[in-house]
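If you want the building blocks of each chain, they are given just below.
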Amino acid sequence: MEKFTTFTATTVPLTNDNVDTDQIIPKQFLKAIDKKGFGKNLFFEWRYEGDNYVEKPDFILNQPAYRGAQILVSGDNFGCGSSREHAAWAIADYGFRAVIAGSYSDIFYNNALKNGLLPIVLPQAEREALFALPADEKITVDLPNQTVSSSAGEFHFDIDAEWKRKLVEGLDDIGITLQYEDAIVAYEAKRPGYLQ
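Bear in mind the structure is a predicted one, so any value in this text is a computation, not a measurement.

Observations concerning the overall build of the protein chain
Okay, step 1: If you tally the helices and strands in the protein chain, you get 8 helices and 9 strands.
Okay, step 2: Counting all 196 residues of the protein chain, 45% fall into the buried class.
Okay, step 3: Once local pairs closer than 6 in sequence are excluded, the contacts in the protein chain between residues at least 24 apart make up 64%.

As for unusual backbone geometry
Okay, step 1: Not every positive phi belongs to a glycine, and Phe-43 is a case in point at roughly 50 degrees.
Okay, step 2: Overall, the relative accessible area of 0% leaves Phe-43 in the buried class.
Okay, step 3: The residue Tyr-53 is not glycine, and still its phi comes out positive at about 60 degrees.
Okay, step 4: Locating Tyr-53 in the fold gives a position in the loop between strand E2 (48-49) and strand E3 (54-55).

Describing the pattern of salt bridges
Okay, step 1: If you walk through the whole model with that rule in mind, you get 6 salt bridges.
Okay, step 2: Among the ionic pairs, Glu-162 bridges to Arg-165, the shortest N-O distance being 2.7 Å. Remark: Arg-165 and Glu-162 occur in helix H6 (residues 161-169); sequence separation between them is 3 residues, near one turn of the helix.
Okay, step 3: One network of salt bridges, in which partners are shared, links Glu-162, Arg-165 and Glu-169.

A look at the pairing of strand E9 (residues 153-156)
Okay, step 1: Sheet analysis places strand E8 (residues 147-150) next to E9, joined by 4 bridges and oriented antiparallel. Bridge pairing links Val-148 to Phe-155 in E9.
Okay, step 2: The hairpin formed by E8 and E9 contains 2 residues between the paired strands.

As for the pairing of strand E1 (residues 6-14)
Okay, step 1: With 7 of 9 residues buried, E1 lies mostly within the body of the structure.
Okay, step 2: With 5 bridges connecting them, E1 and strand E7 (residues 138-142) associate as antiparallel partners. Bridge pairing in E7 places Phe-7 opposite Val-141.

Observations concerning helix H3 (residues 86-94)
Okay, step 1: Turning to H3, its buried residues number three or more, namely His-86, Ala-87, Ala-88, Trp-89, Ala-90 and Ile-91.
Okay, step 2: Tucked into the core, H3 has its buried residues touching helix H1 (21-24), strand E5 (98-101) and helix H4 (106-114).
Okay, step 3: With its phi angle positive at about 125 degrees, Gly-95 sits one or two positions after the end of H3.

A look at H4
The α-helix winds at 3.6 residues per turn, so residues separated by three or four positions along the chain end up facing the same way.
Okay, step 1: All buried positions along H4 are accounted for by Phe-108, Tyr-109, Asn-111, Ala-112 and Leu-113.
Okay, step 2: The elements touched by buried residues of H4 are H1, H3, strand E6 (118-121) and H6.
Okay, step 3: Just downstream of H4 lies Gly-116, where phi reads positive at about 75 degrees.

Things to note about the environment of Ala-152
Okay, step 1: As for its position among the elements, Ala-152 is in the loop between E8 and E9.
Okay, step 2: A relative accessible area of 35% places Ala-152 in the partly exposed class.
Okay, step 3: The spacing of Ala-152 and Leu-133 is 19 residues in sequence and 7.6 Å in space, taken between C-alpha atoms.
Okay, step 4: Sequence-distant contacts of Ala-152, defined by excluding residues within four places in its chain, comprise Ala-129 and Leu-133.

Side note on the nonpolar core
Okay, step 1: Membership of the largest hydrophobic core comes to 55 residues, with the highest contact counts inside it found for Phe-43, Phe-78, Phe-108 and Leu-118.
Okay, step 2: When residues in this core are grouped by element, the largest group, 5 residues, is from H3.
Okay, step 3: Residue contacts for Phe-78: discarding those within four places in its chain leaves Val-19, Ile-24, Phe-43, Leu-72, Ile-91, Val-99, Ala-101, Ser-103, Tyr-104, Ser-105 and Phe-108.

Regarding the packing of aromatic side chains
Here the distance between the centres and the angle between the planes together describe a pair of aromatic rings.
Okay, step 1: In the structure shown here, the tally under the stated rule is 14 aromatic pairs.
Okay, step 2: An angle of 5 degrees between the planes, with centres 5.3 Å apart, marks the rings of Phe-43 and Trp-46 as stacked.
Okay, step 3: With a relative accessible area of 22%, Trp-46 lands in the partly exposed category.
Okay, step 4: Centre to centre, the rings of Tyr-104 and Tyr-109 are 5.7 Å apart; their planes meet at 55 degrees, and the pair counts as tilted. Like Tyr-109, Tyr-104 is buried.
Okay, step 5: Three or more aromatic residues joined by ring pairs make a cluster, and in this case those are Phe-29, Phe-44, Tyr-48 and Tyr-53.
Okay, step 6: Above the plane of the ring of Phe-7 lies Arg-97, whose end atom (NZ or CZ) is 5.3 Å from the centre.

Calculation rules
Residues numbered from 1 in each chain as written. Predicted model: local features only at pLDDT ≥ 70, side-chain atom pairs only at ≥ 80, totals over all residues. Heavy atoms only, no water. Helix = DSSP H or I, 4+ residues; strand = E, 2+ residues; numbered from the N terminus. Buried < 20%, exposed > 50% of the residue type's maximum accessible area, 1.4 Å probe, protein only. Contact = heavy atoms within 4.5 Å. Salt bridge = Lys/Arg side-chain N within 4 Å of Asp/Glu carboxyl O. Pairing = 2+ DSSP bridges. Core = buried A, V, L, I, M, F, W, Y, C linked by side-chain atoms within 4.5 Å. Phe/Tyr/Trp six-rings, centres within 6.5 Å; stacked < 30°, edge-to-face > 60°. Lys NZ or Arg CZ within 6 Å of the ring centre and 35° of its normal.

This is how it looks when you write it as C-alpha cells:
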C-alpha cells in the first residue's frame, strides 16, 4: 500500500448525500478479484449513457476542469449500502487518494483505510467551503497533523491513531503481519507439529 503523509491535489465536489456502494460501483462489475481496472466503471450509471461508455457531459467527473482531481468531497453517509470492498477499489483505481464527507458507513470507512484511501470526516460548513473552491485550486491533506488546508481555511479531522500509523507507514494487513515474521517463526518453532 502506498504511504500517505501529506498530499496536495485538486478536488471534485460530489455534493450528494447517501452515495451507496451500488452507485459507486454497480454489481455487474464485481466479477474481478484484482483491485485494478475498476476506476473506469466508477459511478458508471451517473457517468455514462447506456453500456457503451458514452460520457454524460453534465456529470461532474466528465467535466474537463475536474478530470485530474484526486480528492473527492461529498455529502453525508458516503459508502452506505452493501459491504463490497470493490467500492474503495474503484475510487482508488480512478485516482482518488482521499474522500472528504460528513459521515461514512462503517464498512466502507474500514474498507477505504485497508486500501490506502483516506476517508476524512468534516462538518457541513467546512465541506461547503471546499465545494465552493475553483476547480483548479489545490488543497493539502496533512495526515500526521490531521488537517485539510485550503484558501477557505484549515480544517482539523480525527482519525484513529493505529489507522494513521498504518497509512503513514504504508502498511496493509499483510505488511503488518510481515513486521512480526521473526516472532511468528519463533513462536511456531516452540510448538512442534503445529504446522503439520
